[in-house]
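# Topology and contacts: notes
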Amino acid sequence: MTYEIIIAGFGGQGVLSMGKILAYSGLMEEKEVSWMPSYGPEQRGGTANVTVILSDERISSPILNEYDIAIILNQPSMDKFESKVKKGGILIYDGYGIQKPIKRTDIDVYCTDAMDAATELNMSKTFNMIVLGGLLKVAPMVTLESVMKGLKKTLPERHYNMLPANEEAIKTGMEIIRKV
């Protein structure tokens, strides 16, 4: 099975690290993986996106024009990527960052109120892990165990104390995502 994914939002939302953790998780499960970040020079506050491909077969190219799954965390990214989800694909968005209704009717659309959940749990630094949990509920492409191994691989050792909070955030994301 192959998953071609775009994750897009503002710099500082954890877009690139979410993609990196997902890619490492795929590696832990011996999948073929591609991780291709894209961001402006302003990084924090500017737009950022990352393309992640997880596959059981060789990946021919990391350059994509359409995606199986789009995770959208702000309106400018929605404006840019909503039309690039393949027919029958999945679009996941955070309710906090999207103002306009989704126009597509030929895809499955899910909302996660990850920003609200992160604020309520007083865990703003785990926002991206809540979103990732929602993705894994909708499309279980890797296991939670692999995600935790991938997270440990990407986090500096000084942040290992955040691993339990991140695992809790992923589980919260799995609980709060809902089909629109």
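To start, this report covers the structure provided alongside it.

So, on to the packing of aromatic side chains. All chains considered together, the criterion is met by 1 aromatic pair. Ring geometry for Tyr67 against Phe81: centres 6.3 Å apart, planes inclined by 80°, an arrangement best described as edge-to-face. Highlighted residues: Tyr67 in strand β4 (residues 67–72) and Phe81 in helix α2 (residues 75–81), separated in sequence by 14 residues. By the burial criterion, Tyr67 is buried, and Phe81 matches it.

So, on to the nonpolar core. Counting 41 residues, the largest nonpolar core has Leu22, Ile69, Ile71, Leu132, Leu135 and Met141 as its most contacted members. Broken down by element, this core gets its largest block of residues, 8 residues, from helix α4 (residues 127–138). Those residues in contact with Leu22, other than ones at most four positions away along the chain, are Ile5, Val52, Leu54, Leu132, Leu135, Met141 and Val142. Membership of the second largest hydrophobic core comes to 16 residues, among which are Ala70, Phe81, Leu91 and Ile98.

The next thing to look at is the sheet that holds β4. In space, the 7 strands of this open sheet follow the order β2-β3-β1-β4-β5-β6-β7, with mixed pairing throughout. The open sheet has two edge strands, β2 (32–39) and β7 (178–179), and neither has a second partner. Here β2 pairs with strand β3 (residues 47–55) via 8 bridges, running antiparallel. Considered in β3, the bridge of Pro37 is made with Val50. Helix α1 (residues 15–28) rests against β1 (2–10), β2, β3 and β4 of the sheet, and its axis sits at about 10° to β3.

Running from N to C, α1 and α4 point in directions that differ by 45°, and their axes come no closer than 10 Å. In terms of orientation, α1 lies oblique with respect to α4. Judged by the sense of rotation from one axis to the other, the crossing of α1 with α4 is right-handed. On α4, the residues touching Ser17, Met18, Ile21 and Leu22 of α1 are Asn128, Met129, Val131, Leu132 and Leu135. Split by residue class, the contact of α1 with α4 holds 7 nonpolar, 2 polar and no charged.

Below, the discussion takes up the side chain of Gln13. One can find Gln13 in the loop between β1 and α1. Overall, Gln13 belongs to the buried group, its relative accessible area being 14%. A distance of 3.4 Å separates the side chain of Gln13 from the backbone oxygen of Leu73, its partner in a polar contact. Sequence-distant contacts of Gln13, that is, excluding residues within four places in its chain, are made with Leu73, Phe127 and Asn128.

What follows is about the pattern of salt bridges. What the rule picks out here adds up to 10 salt bridges. Across the salt bridge formed by Asp68 and Lys86, the nearest N and O atoms sit 3.1 Å from each other. With a gap of 18 residues between them, Asp68 in strand β4 and Lys86 in strand β5 (residues 85–94) connect regions that are remote in the sequence. Classification of Lys86 by relative accessible area gives partly exposed; the value is 25%. Close ionic contact of Glu145 with Lys149 constitutes a salt bridge, the shortest N to O distance being 3.6 Å. Of the two residues, Glu145 and Lys149 both sit in helix α5 (residues 144–154), 4 residues apart, roughly one turn of that helix. Shared partners join several salt bridges into a network, and the residues in it are Glu4, Asp68 and Lys86.

Cut-off values and rules
Residues numbered from 1 in each chain as written. Predicted model: local features only at pLDDT ≥ 70, side-chain atom pairs only at ≥ 80, totals over all residues. Heavy atoms only, no water. Phe/Tyr/Trp six-rings, centres within 6.5 Å; stacked < 30°, edge-to-face > 60°. Helix = DSSP H or I, 4+ residues; strand = E, 2+ residues; numbered from the N terminus. Buried < 20%, exposed > 50% of the residue type's maximum accessible area, 1.4 Å probe, protein only. Core = buried A, V, L, I, M, F, W, Y, C linked by side-chain atoms within 4.5 Å. Contact = heavy atoms within 4.5 Å. Pairing = 2+ DSSP bridges. Axes fitted to C-alpha atoms, helices over the stretch in contact; angles between N-to-C directions. Parallel < 35°, antiparallel > 145°, perpendicular 65-115°, else oblique. Left-handed = near helix turned anticlockwise from the far one by under 90°. Nonpolar A, V, L, I, M, F, W, Y, C, P; charged D, E, K, R; others polar. Polar contact = N/O pair within 3.5 Å; in protein donor to acceptor, adjacent residues only side chain to side chain. Salt bridge = Lys/Arg side-chain N within 4 Å of Asp/Glu carboxyl O.

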